[in-house]
Amino acid sequence: MTIVITAFERSPDGGKGLARDTRVRWALEEVGQPYEVRLVSFRAMKEPAHLALHPFGQIPTYEEGDLVLFETGAIIFHLAERHPGLFPGDADARARAISWMFAALNSVEPPILDLSIAKFVEGDQAWSQARLPLVMDRIRHRLRSLSARLEGSEWLDGAFSAGDLMMVSVLLRLRASGLLDEFPTLATYVARGEARPAYKRAFAAQLAVNAPGSD
Ligand code: GTB
């Protein structure tokens, strides 16, 4: 059955791989599943055909026959359950990998999103500059704990898992802020994720769509 995901027709990041289809592409590459991509414009995302797939009118979505999924956490969880490569065989290790997926999405990503909102959505507000140090410190607070836990290990819990895929994907968004470089353990961890052949294939595939001049 052909797997079809959706992605931006043209990502605002110009191919840096920060839009969330990249993490789904990465998971598909890790488990060796071929997939097709349907590109959608910002307008098409809010039209009924796409809203039937994604209630909030966003990307990415995932279609596999009659199954339609949204939310990258759910999509990657589904792939990890159905195919070898992203969850460990041992039941307890699998449960811990799931903890790390949730940690990435619920504990680490929210303060990082706050920074994007503070810069790009609220940036023209009079109070925006004054709030930035506070937002950055909330991120540092999380990164400090994560870095301490990761110290001396390649991955979060033994072998690479969907937990690492999600955590690296979330952390990648910090690179431009310079915050990642304050935590060398995390910067090396992210680089380790990016060095995986599956990540490289996923990155190249989104770049082919989004790089300037790639019409
Ligand atoms: N919780 C959902 C998930 O994990 O699937 C969040 C999905 C989401 O935020 N999708 C974004 C979207 O569709 C794209 S990834 N936005 C359009 C809209 O809401 O109308 C977020 C994103 C967009 C662009 C960049 N960038 O250019 O750097 C980075 C991340």
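Just above sits the structure.
This one's a predicted model, so the numbers in the text were calculated from it and none came from an experiment. Along each chain, numbering runs from 1 in the same order as the chain's sequence is written. This being a predicted model, a pLDDT of at least 70 is required before a residue's local features are given, and a value of 80 or more before pairs of side-chain atoms are given or counted; all residues contribute to the totals for chains, interfaces and linings. Heavy atoms throughout the structure, all of them, feed into the side-chain values; hydrogens and water do not.

Enquirer: Honestly, a nonpolar patch on the surface in this entry has me stumped. Any pointers?
Expert: Without a salt bridge and with relative accessible area above 30%, a residue can belong to a patch; like charges are then joined within 9 Å and nonpolar side chains (Val, Leu, Ile, Met, Phe, Trp, Tyr) within 5 Å. Reported accessibility uses the Shrake-Rupley method at a 1.4 Å probe radius. Residues are deemed covered only where the shown protein chains occlude them. For this document, the term salt bridge refers to a Lys or Arg side-chain nitrogen within 4 Å of an Asp or Glu carboxyl oxygen. On the surface, Ile117, Phe120 and Val121 cluster together into a nonpolar patch covering about 340 Å² of accessible area. Every helix listed is a DSSP run of H or I at least four residues long, and every strand listed is a run of E at least two residues long, numbered separately from the N terminus. Along the chain, isoleucine 117 falls in helix α5 (residues 91-121). Categorising residues by exposure relies on relative accessible area from a 1.4 Å probe, with only protein chains included: less than 20% of the type maximum marks a residue as buried, more than 50% marks it as exposed, and the intermediate range marks it as partly exposed. In this structure isoleucine 117 comes out as partly exposed when scored by relative accessible area, which is 36%.

Enquirer: Where do I start with the pattern of salt bridges in this structure?
Expert: A side chain with one charge can pair with a side chain of the opposite charge if their charged atoms come near. A full pass over the atoms with the stated rule returns 15 salt bridges. Between arginine 43 and glutamate 47 there is a salt bridge, with its nearest N and O atoms 3.8 Å apart. Exposure remark for arginine 43: the relative accessible area of 65% places this residue in the exposed category. A residue is classified by how much of its surface remains accessible, and glutamate 47, at 37% relative accessible area, is partly exposed. Among the salt bridges present, the one from aspartate 114 reaches arginine 138, with a minimum N-O distance of 3.8 Å. Linking aspartate 114 in helix α5 with arginine 138 in helix α6 (residues 128-150), this pair joins segments that are 24 residues apart in sequence.

Enquirer: Please explain the sheet that holds strand β3 (residues 61-64) as it appears in this structure.
Expert: Within a sheet, each strand pairs with its neighbour through backbone hydrogen bonds, oriented either parallel or antiparallel. Strand order in the open sheet formed by 4 strands is β2-β1-β3-β4, with mixed pairing between adjacent strands. Each having just a single partner strand, β2 (35-40) and β4 (67-70) make up the two edges of the open sheet. The average undirected angle you get between the axes of adjacent strands in this sheet is 20°. Sheet topology note: the strand β1 (residues 3-8)/β3 ladder contains 3 bridges and is antiparallel. Think of it this way: DSSP has to see at least two bridges between two strands before they count as a pair. Angles shown run from 0 to 180 degrees and are taken between the N-to-C directions of axes, each axis being a line fitted to C-alpha atoms and, for helices, limited to the stretch in contact.

Enquirer: What's the story with the nonpolar core in this structure? I'm lost.
Expert: Buried together is how nonpolar side chains tend to be arranged in soluble globular proteins. The criterion is simple. A nonpolar core is a set of buried Ala, Val, Leu, Ile, Met, Phe, Trp, Tyr and Cys residues joined through side-chain atoms within 4.5 Å. Membership of the largest hydrophobic core comes to 54 residues, with the highest contact counts inside it found for Met167 and Leu171. Residues within four places of methionine 167 in sequence aside, it is in contact with Trp100, Ala103, Ala104, Val108, Leu146, Leu156 and Tyr189. Judged by nonpolar contacts, the second largest core, of 5 residues, contains Phe8, Ala19, Val40 and Ile59. The contact criterion used throughout is that any non-hydrogen atoms of two residues lie within 4.5 Å.

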